[in-house]
Amino acid sequence: MDTLPPLSALPSGGRLTVDLSALVGNWRTIRSRVGAAEAAAVVKGDAYGIGLEPAARALHAAGCRTFFVALPRGGVRLRAVLPDAVIYVLNGFFDGAGPVYTAARLRPVLGSRAEVDAWLAETGGSGEPAAIHVDTGMNRLGLTRDEAVAVAADAGLLARLRPALVMSHLACADAPGHPLTAEQIRRFTEVRALFPGVPGSLSNSAGVDLGPEVHHDLVRPGIALYGARWAADRPPLEPVATLEGRLIQVNEVPAGAAVGYGAAFRAERPSRIGIVSVGYADGYLRRAGASDAGPGASAAIGGMRVPLAGRVSMDMLAVDLTDAPAELCRRGGWVELFGRTVPVDEVAGHAGTIGWELLTGIGDRYERRYVGG
Ligand SMILES: *Cc1c(COP(=O)(O)O)cnc(C)c1O
């Protein structure tokens, strides 16, 4: 058995190519849009599916110093590669994990009074400085305004807490002109004034477009860094992730032949059908498939778009290669599932979801290649 290669060296059905120079370029673009505010990076969800460690290393080398993960385990992974970065844990403090936060120098984003108290009880006020998350209308995480007022008025508590950031999160910044955004901006400005001298942070990717009154001292872009859309009416930055699937079979089928489960799709003409070794178990969503009732997502081969044919299976999908250059349509070739030719948001749209979900769902069955950076 000891002669078997590591799993990562075995053939994979797909490959993910991550353009680290595009990632870094996107971070620089955001930095150039926020004036004097600091551009941090949100790297939760394994850096939106592209791989936490390589993404964080590239961003750090470009000058990014503050990172946001969701959970302590992301923080511990990140600390192993970035000894001097500031690392915030967005989902806050988890009881019993005090020693881990201390050892890995993780800063919790404290989102309730109970969490503030638990953090201080476990770390005795000697841990890292923390961020205080105040709710301004999303009703997900965050102290209420009254709780924030009480914390701000308690000098003894503040001395132990040493807040390094006061933050809130926008619920609707991707919907231009949504009234809740103006309300959240107003509430945050008020709440932030309770903590003089503490840097403020409100902006996600979409907030970057909203100008200096939303930037405060630090912006927290996620999706924009990874080259997907943050709002329907804004162009994305440079694509970062390209997902390709391997052609494992190419079949000629007659007009009228059914392709895939449920015979939901029938070829209208004699067709060349390519079977790609990527399916919904790889995070390529089943709802992106095609049927006689309507087209599915596009894929691409050699930079030319080709449509999906039939339903997406667990580990495979089919593409109609009839109009593609025959020399590319051979067993062992590669089909782009999203990337430069087919934007990730377009595939997500066909699957009834958003780029965030498609990217973070792509899993780890792919060969991964990191280029640039
Ligand atoms: C995910 C997240 C972000 C980044 O959001 P994007 O829309 O991906 O830019 C910023 N702040 C908080 C609190 C988040 O949870």
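This text follows the structure it describes.
My aim in this report is to walk through the structure given alongside it, one point at a time. (Residues numbered from 1 in each chain as written. Predicted model: local features only at pLDDT ≥ 70, side-chain atom pairs only at ≥ 80, totals over all residues. Heavy atoms only, no water.)

1. Focus: the overall build of the protein
Then comes step 1: The number of helices and strands found in the protein is 13 helices and 19 strands.
Then comes step 2: Taken over the C-alpha atoms alone, the protein extends approximately 80 × 55 × 35 Å along its principal axes.
Then comes step 3: Burial statistics for the protein: of 373 residues in total, 53% are counted as buried.
Then comes step 4: Within the protein, contacts between residues at least 6 apart in sequence are counted, and of these 65% link residues at least 24 apart. (Helix = DSSP H or I, 4+ residues; strand = E, 2+ residues; numbered from the N terminus. Buried < 20%, exposed > 50% of the residue type's maximum accessible area, 1.4 Å probe, protein only. Contact = heavy atoms within 4.5 Å.)

2. Points about the side chain of Arg15
Then comes step 1: Its place among the elements puts Arg15 in strand β1 (residues 14-19).
Then comes step 2: A polar side-chain atom of Arg15 sits 2.7 Å from a polar atom in the side chain of Glu244. (Polar contact = N/O pair within 3.5 Å; in protein donor to acceptor, adjacent residues only side chain to side chain.)

3. Comments concerning the site of the ligand
Then comes step 1: Around the ligand, a shell composed of 14 residues is seen, among which Lys44, Tyr48, Ser205, Gly222 and Ile223 lie nearest.
Then comes step 2: Interatomic distance of 3.4 Å between a side-chain N/O atom of His169 and a nitrogen atom of the ligand.
Then comes step 3: In the complex, 92% of the free accessible area of the ligand, which totals 390 Å², lies under the protein chains.
Then comes step 4: More than half of the atoms belonging to the ligand lie within 2 Å of the grid points that define the largest pocket.
Then comes step 5: For the shell around the ligand, the per-class residue count stands at 7 nonpolar, 4 polar and 3 charged. (Near = heavy atom within 4 Å. Areas by Shrake-Rupley, 256 points an atom, 1.4 Å probe, with all protein chains shown as cover. 1 Å grid on protein atoms, 1.4 Å probe; cavity = no way out; pocket = protein on both sides within 12 Å on 5 of 7 lines; lining within 4 Å. Sits in = over half its atoms within 2 Å of the grid points. Nonpolar A, V, L, I, M, F, W, Y, C, P; charged D, E, K, R; others polar.)

4. Structural notes on the sheet that holds strand β6 (residues 106-110)
Then comes step 1: Reading across the sheet, the 7 strands line up as β3-β4-β5-β6-β7-β8-β9 and stay open at both edges, with parallel pairing between neighbours. In the strand order of this sheet, the two ends are held by β3 (41-42) and β9 (200-201), each with one partner.
Then comes step 2: In this sheet, strand β5 (residues 86-89) lies alongside strand β4 (residues 66-69) in parallel orientation, the contact comprising 4 bridges. Within β5, the position partnered with Phe67 by the bridge is Ile87. (Pairing = 2+ DSSP bridges.)

5. What to know about helix α7 (residues 145-153)
Then comes step 1: Burial in α7 covers these residues: Ala148, Val151 and Ala152. End-on, the buried residues of α7 take up no more than an arc of 95°, which puts them together on one face. Opposite its buried face, α7 presents the exposed residues Asp146 and Ala153, each directed more than 90 degrees away.
Then comes step 2: Turning to α7, the residues buried within the fold contact α6 (113-123), β7 (131-133), α8 (155-161) and α9 (179-192). (Arc of directions from axis to C-beta.)

6. Observations concerning empty space enclosed by the protein
Then comes step 1: Enumeration over the complete set of coordinates arrives at 1 cavity of 30 Å³ or more.
Then comes step 2: Taken together, His133, Val134, Asp135, Thr136, Gly137, Met138, Arg140, Leu141, Ser168, His169 and Gln184 make up the lining of the largest cavity.
Then comes step 3: When grouped by side-chain class, the residues that make up the lining of the largest cavity number 3 nonpolar, 6 polar and 2 charged. (Points joined across faces, edges and corners; volume = space filled by probe spheres on them.)

7. Focus: the layout of surface pockets
Then comes step 1: Counted as a void, the largest pocket has a volume near 500 Å³.
Then comes step 2: Along the wall of the largest pocket there are 26 residues; nearest its centre are Lys44, Arg140, His169, Asn204 and Trp356.
Then comes step 3: Among the residues forming the lining of the largest pocket, the class breakdown is 16 nonpolar, 6 polar and 4 charged.
Then comes step 4: Empty space within the second largest pocket amounts to approximately 290 Å³.
Then comes step 5: Forming the boundary of the second largest pocket are 17 residues, of which Phe265, Arg266, Glu268, Pro307 and Asp320 lie nearest the centre.
Then comes step 6: Residues that form the lining of the second largest pocket fall into these classes: 7 nonpolar, 4 polar and 6 charged.

8. Re the pattern of salt bridges
Then comes step 1: Tallied over the full model, the rule gives 19 salt bridges.
Then comes step 2: Note that Asp282 is salt-bridged to Arg365, the shortest N-O span being 2.7 Å. Of this pair, Asp282 sits in the loop between β14 (271-276) and β15 (298-301) while Arg365 sits in the loop between α13 (355-360) and β19 (367-371), and the two are 83 residues apart along the sequence.
Then comes step 3: Given a relative accessible area of 4%, Asp282 falls into the buried group.
Then comes step 4: With relative accessibility at 42%, the residue Arg365 sits in the partly exposed group.
Then comes step 5: In this structure, Glu346 and Arg305 form a salt bridge, with 2.8 Å as the shortest nitrogen-oxygen distance. Placement of the pair is Glu346 in helix α12 (residues 344-350) and Arg305 in strand β16 (residues 304-307), with a sequence separation of 41 residues. (Salt bridge = Lys/Arg side-chain N within 4 Å of Asp/Glu carboxyl O.)

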